[in-house]
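A closer look at the structure
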Amino acid sequence: MISNDLGLFLIFFSAMIVNNILLIRFIALCSFFGISNNLQASAGMGMAVIFVMVMSSSISWMVYHFILIPFDLTYLRTASFILTIATFVQFTEMFIRKYAPVLYRALGIYLPLIVVNCAVLASAFLAIDYELNFIKSVIYTIGVGFGYTFAIIVFAGIRERISMAPVPKYFKGYPIAFITASFMSLAILGFKGLFGL
Amino acid sequence: MSSLGKEFTKGIFKENPILIIMLGLCPTLAVSTSASDAFGMGAAFTFVLLMSNIVIALIRKAVPEQIRIPVYITVISAFVTIVDYTMKAYLPALSRSLGVFVPLIVVNCIVMGRAEAFASKNTIAASLMDALGMSIGFTLIITILGAIREIFGNGSVFKQAIFPSTYQPFLIMILPPGAFLVIGFMMAIQKWLSDKGGKR
């Protein structure tokens, strides 16, 4: 379990590998299966997710600790986080388009998709649920983002090979992709218990 | 009346949200470790989808086109908060095992998708039937998945033991890889069934 007692490295490692957000926690699977048939798109999506996730969960952390708790409004958590993230993504898109056109061409099309990417909202929730302090919650989210990118890139590579392999008729497409994900998840499960995580 | 019936049944078979449209996979796989958890998730989901579809169908003419997405998200998140707090108060054990997936219903693609694709364009009655059908389709699949995993992984279903105590549980089924494996096979079976039905 992740808590404030763990060191920064263990929090990062646990978020990225041991509790991998896609393969172990089953969050953000829609994009995992939807986008992973293209290696380049997967890498772009991964980068966009890391960036948005770290920024928006830091903002959500501040909103929660400096606004919701002092005014005793914690029941507004779900609504306020999703609005924070949606606003932030909109704002980022406008900012990047104006000031960093190269980055915009690389990330642009993935940014709107991220609003409905549950990984971003989930990492904000989980950092609050684990009662992490600010630094640790930032490290935690970076770990989650790298875990997402790692899993989706590896999966996209495997799927490119599978598309050329002879697969039983009814398993073509999504069924075989799920079974592949099952074996990846099995491999990641092997890390469970390492360093007592 | 027949068209209302069609809105209802399409969610269960022809446009099943999980197996055909492939939406809402995260809670499906994560909370289906036992049949009762899966059923609880289905119930929470049904409430949110039903209420938000009704409300969105009611206000669809008053909402300006440009800001419809934030408005829908706010409506959905209000109902998600109601479910979350009700569950915490009356069913604390279920709430603990579902964990972060209850607040995550707010970004569940099925809810948003139905709001955007159906409730914003149709009457209240049609939206109600659509929501009912979709939720039953979702609850059905998630409960079957939970039951299969619980039977093999724990030797029981709805916490009632079905195998004698000498049964060695197939532990991998209730661990994360089992979820991917079972849903993969369920999709293959669904493809096979619809192919057979098409030929006839």
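Residues numbered from 1 in each chain as written. Chains lettered and ligands numbered in written order. Predicted model: local features only at pLDDT ≥ 70, side-chain atom pairs only at ≥ 80, totals over all residues.

**Details of the overall build of chain B**
On a plain count of helices and strands, chain B comes out with eight helices and two strands. Each helix and strand of chain B, ordered N terminal to C terminal, gives the series α-α-α-α-α-α-α-β-β-α. Its C-alpha radius of gyration of 18 Å places chain B within 12% of the 16 Å reference for a compact globule of 200 residues. Along the first, second and third principal axes, the C-alpha set of chain B runs to 60 × 50 × 25 Å. When the 200 residues of chain B are sorted by exposure, 44% land in the buried category. The long-range fraction of contacts in chain B, counting pairs at least 24 apart against all pairs at least 6 apart in sequence, stands at 75%. (Helix = DSSP H or I, 4+ residues; strand = E, 2+ residues; numbered from the N terminus. Rg over C-alpha atoms; globule rule 2.2 N^0.38 Å. Buried ≥ 20, exposed ≤ 12 C-beta atoms within 10 Å, placed from the backbone. Contact = placed C-beta atoms within 7 Å.)

**Some thoughts on the confidence of the model for chain B**
Overall, the predicted model of chain B reaches an average pLDDT of 82, with 98% of residues at or above 70. Per the prediction output, this complex has pTM 0.83; the corresponding ipTM is 0.78. (pLDDT = per-residue confidence, 0-100.)

**Some thoughts on the interface of chain B and chain A**
Between chain B and chain A, the residue contacts involve 33 residues of the former and 33 residues of the latter. Secondary-structure elements contributing two or more residues to the side of chain B that touches chain A are α2 (25-30), α4 (68-90), α6 (109-119) and α8 (176-199) of chain B. Among the residues forming the side of chain B that touches chain A, the class breakdown is 28 nonpolar, four polar and one charged. (Nonpolar A, V, L, I, M, F, W, Y, C, P; charged D, E, K, R; others polar.)

**Let's talk about the packing of helix α3 (residues 39-68) of chain A against helix α4 (residues 77-99) of chain A**
Residue and element names in this part refer to chain A. It is the contact of α3 with α4, at a shortest axis distance of 10 Å, that shows an interaxial angle of 135 degrees. Judged by the inter-axis angle, α3 sits oblique to α4. Handedness of the crossing formed by α3 with α4: right-handed. Here Val52, Met55, Ser56, Ile59, Ser60, Val63, Tyr64 and Leu68 of α3 come into contact with α4, specifically with Arg77, Ser80, Phe81, Thr84, Ile85, Phe88, Val89 and Thr92. Considered class by class, the residues forming the contact of α3 with α4 number ten nonpolar, five polar and one charged. (Axes fitted to C-alpha atoms, helices over the stretch in contact; angles between N-to-C directions. Parallel < 35°, antiparallel > 145°, perpendicular 65-115°, else oblique. Left-handed = near helix turned anticlockwise from the far one by under 90°.)

**With respect to the packing of α3(A) against helix α8 (residues 134-162) of chain A**
Residues and elements named next belong to chain A. Where α3 meets α8, the axes come as close as 9 Å, and the angle between the chain directions of the two elements is 165 degrees. Taken together, the axes of α3 and α8 lie roughly antiparallel to each other. At the point where α3 passes α8, the crossing takes the right-handed sense. Considering only residue class, the contact of α3 with α8 consists of 17 nonpolar, nine polar and one charged.

**Structural notes on the environment of A:Lys169**
Residues and elements named next belong to chain A. Relative to the assigned elements, Lys169 resides in the loop between α8 and α9 (174-189). Overall, the presence of 9 C-beta atoms within 10 Å leaves Lys169 in the exposed class. For Lys169 and Phe183, which are 14 residues apart along the polypeptide, the C-alpha to C-alpha distance reads 20 Å.

**Looking at the nonpolar core**
One finds A:Ala28, A:Ala119, A:Leu121, B:Cys26, B:Val48 and B:Ile76 to be the most contacted residues of the largest nonpolar core, which totals 107 residues. Considering each element in turn, this core owes the most residues, ten residues, to helix α7 (residues 118-129) of chain A. (Core = buried A, V, L, I, M, F, W, Y, C linked by C-beta atoms within 7 Å.)

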